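Residue-level listing of the chains:
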Amino acid sequence: MAHPPGCDTYGHCVDFLLEFPLLPPPEASHPLPLTPMDTPPKQSTFNVIFLGFRPDVDAHDARAKISALFKITPEQGVQLFASFPCVVKKSLPAPMAAKYQRAIESTGGLCRIDPEFQALAAAPNPGPDLAALPTAQHPSGKLLLSNAPSPVLAAQAPTSKRPWSHALTQVRSKVRQFLGKDGVDRSLHLNFSLPAPSKRVSIGSSRTAELRHCKEEPSAYFQLLYSRIKYLNYCRLSPGKRRRITFELLELFYPMAMAQIVEHAKTGGVPEPTERRSALVALIDVAKILIMSCQFLLDDLYSGGDFRFARNRTSRRECASHIFELLLLKQRAQALRYQRLDESDWKLANTLFFVMRACDDVEAPLSTLNAKFGLDTDLLTVNFRNQFLLLQIFAWFDPLRWPTHIQWVIDSYVRRVRDGVLLHDDSGPLQAHALVVYCYGKQAAMEQRLNAPPGPALVLDLKNLVTAMQEDCVGLTQSKKHGQALQVMKRFERFEVNDHFRIRDRLFHRLHPTAPDEGVRLDQAVEGLRIFVGFHEVSSLLLHRQGDFGQEERLADVLAKRSAILAQDHTSLHKTTWSLVFQNQHTLRLSTQESRATVAMAVGSLLAFGVGDEVNRPRFGVVSRIHRPLSKVVEIDIALIADFAEAVVITLNAPVSKTQFLALLVHHSQTPGEWAVMWPPRDVMIGVDQVEIHRKNRALPVELTQLRNATHQFYLVDTTLTSAALGFSRPPVYPELLARWQSGLA
């Protein structure tokens, strides 16, 4: 039997279906047999078929509207519209079908109406050939049929000379989809920078008794795992073997890594303990290797033929999801060390999302590693969109300014704020609270466009997220004010009460960032820098200077002087290499080589510091940011609070209560006439509690106005006090204060 042209190979069978001439209809001399069941044709019924979303609408928003139209939950809507085309209503009369079409199109969807398929003998008036209808382009790249009103409704199914053309059209559509010729957009290139594998390289076994038995020591476990697989991406492996090895390694690595991140989030600061640093560095190194191995798998699937690409959709989505999860894991681990993702990581994340958005449905649910290993306690739907936004928003919050143990609150704003971030194509001017991100871009989402964009752009609209943050700040303040400290938002429930003000303070500073002032960038060595850390040490320093023996040296002063010298080998002494990197009226940035002798501090630590004898006239600040740009190099940002401070005693709600505690009265020369008071973390209701300051045998009533800063070591609150009320004719300085003490005037 001779085969028709175009059907000689399996890969060209679709061409036969598209190009081979149709068979002639049955001749009149061979009529179709009639049966006793034949009856006059009934009224035609139609199916409503959902085809996707218009390119000019946000798919997430349109999906929510369609879910509300059909009275289903958003989660059910994600499952129902995970793939298309799909039939949403069957067997409807023409007026009702047209009504559903109009309703779906009003939400931003694409829709068509098809007549129900009937047996050839009972279908004298079949529908028209659907292949002749115009096509519309979906945002994902799929070719869809027109969303214009179906001509079937205009003329009730006119008689056709080919009653089987509709069935053939359906078969042709399914064959095209099976062979991957359904118009999926692969115009974007992955552009992965992958090494050239070699047959000469081999990897060690990951399933050894030594590896299984060292799980009790995380640092040794990750270091051993790294030594086994460090050449994985330089080995020439078949896709099947690489997939098997990669997934086995993920089972060994991912649950252990997540447990370590939770554990090490409890501590963080400078200097970093050796065991913690070793464990996190090895964890990050293993994550890098597994990310690249998943890149090999995805690149192989994406660059293959149409048929292979279509048939491996599940594997393709699985590899891409694992890359995002490992990037999130790496981002968390580096944030615990006060580091950022590399430029190569951002280029990978941005490019991968744009590619998946073009060739797949980024709203469809994913099977994740967290769900597989039972690590996701939120039980929320995870998709590519959520994973990508979580990476971007975590970077937008700037974890370098957050204490490690409360960085987890950032996740909840992406996971639990409904429509917190809206995603749409970049067009028109950027609105307030909007970020732009580029395909092939090497940065996280930013607030301004690039002059030379590397590729297509998307806009992240944070309006709803910012609104939720503002409501949380106001709600927490009100709950504290009215004594309802336990009635706080769910996002804060997992944290201790003392952390609530700190979270509110970090959110407030993210919503209202301080405009960067012009400053002097230096690289100037600072010798003999003495630093006192913590409220207790700072207040002790001031009490000693205010006392009768203020000129004498304490043991703490000797230790502070000693801390300016680094003992490297316990035999010789070397000067500490502190450098002043940046300075302006509000901020100092110091850099040093991190070692065991580095002064211990964390984000939120209160500092009193000075160079040499200037520590007798200290300046005061708080550690606002920590960054480790290189191995064992740390940068400390100090937000200046005051250039003058005095130790005082505060009484709450006198004479009813006798609650008294030590506090610091502080003043900054940049805010003349304004004074603030600082005390250790304590529940004091601003605007409610009556406060008195006891200073030199005088009790001064003080009105607290607003909380300026809150950390784990102190609360800083603005007051209505003025320099005149305290007896200062000019902004206070330490020499004047000493003179006043010596003359007995104060």
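Notes on the structure in this doc start here.

Definitions and cut-offs
Numbers given to residues run from 1 along each chain, matching the order in which its sequence is written. Totals for whole chains, interfaces and linings use all residues, but because this is a predicted model, local features are given only for residues with pLDDT of at least 70 and pairs of side-chain atoms are given and counted only at 80 or more. Hydrogens are left out, water is left out, and the side-chain values use all remaining heavy atoms of the structure. Under the DSSP-based scheme used, a helix requires at least four consecutive residues in state H or I and a strand at least two consecutive residues in state E, with every element numbered from the N terminus. The cut-offs for exposure are 20% and 50% of the maximum accessible area for each residue type, with area from a 1.4 Å probe on protein chains only; residues under the lower value are buried, those over the upper are exposed, and the others partly exposed. Contacts: residue pairs with any heavy atoms within 4.5 Å of one another. Each accessible area is a Shrake-Rupley result for a 1.4 Å probe, and residues are judged covered by the shown protein chains and nothing else. A pair of strands is treated as paired once DSSP finds two or more bridges between them. Axes here refer to lines fitted to C-alpha atoms; in helices the fit is confined to the stretch in contact. Angles between the N-to-C directions go from 0 to 180 degrees. When a carboxyl oxygen of Asp or Glu is within 4 Å of a side-chain nitrogen of Lys or Arg, the pair counts as a salt bridge.

On a plain count of helices and strands, the protein comes out with 21 helices and 24 strands. Here the protein holds 746 residues, and 48% of them are scored as buried. Long-range contacts, defined as pairs at least 24 residues apart, comprise 70% of the intrachain contacts of the protein with a sequence gap of at least 6. A total accessible area of about 37200 Å² is found for the protein, and carbon and sulfur atoms account for 54% of it.

In space, the seven strands of this open sheet follow the order β22-β21-β18-β19-β20-β24-β23, with antiparallel pairing throughout. Each having just a single partner strand, β22 (698-702) and β23 (704-710) make up the two edges of the open sheet. The mean angle between the axes of side-by-side strands here comes to 35°, regardless of whether they run parallel or antiparallel. Pairing geometry for strand β21 (residues 691-695) and β22, over five bridges, is antiparallel. Directly across from Glu692, in β22, lies its bridge partner Pro701. Across the sheet, helix α18 (residues 497-511) lies against β23 and β24 (715-719), angled at about 85° from β23, the strand it touches most.

This part covers the pairing of strand β3 (residues 109-115). Taking burial as the measure, the seven residues of β3 include seven buried ones, the bulk of the element. Relative to β3, strand β1 (residues 46-53) is paired through seven bridges, and the arrangement is antiparallel. Its bridge partner being in β3, Ile49 is matched across the sheet by Arg112.

This part covers the pattern of salt bridges. For the structure shown, the criterion picks out 30 salt bridges. A salt bridge links Arg243 to Glu318, with the shortest nitrogen-to-oxygen separation between them at 2.9 Å. A residue pair is termed long-range when its members are at least 10 positions apart, and Arg243 in helix α9 (residues 239-264) and Glu318 in helix α12 (residues 313-336) qualify at 75 residues. On the accessibility criterion, Glu318 (23% relative accessible area) is partly exposed. Of the charged contacts, one joins Glu363 and Arg385 as a salt bridge, the two residues approaching to 3.6 Å between their closest N and O atoms. Of the two residues, Glu363 sits in the loop between α13 (343-359) and α14 (369-372) while Arg385 sits in helix α15 (residues 384-396), which places them 22 residues apart along the sequence.

A word on the sheet that holds strand β8 (residues 457-461). The antiparallel open sheet is built from three strands, whose spatial order is β6-β8-β7. For this open sheet the edge positions go to β6 (422-425) and β7 (434-438), each flanked by a neighbour on one side alone. On average, each strand axis in the sheet is tilted by 25° relative to the strand beside it, whichever way the strands run. In this structure, β7 lies alongside β8, joined through five bridges in antiparallel fashion. When the sheet's bridge partners are listed, Val436 is paired in β8 with Val459.

The next point concerns the environment of Ala220. For Ala220, the position within the fold is in helix α8 (residues 218-229). Assessed through its relative accessible area of 30%, Ala220 is described here as partly exposed.

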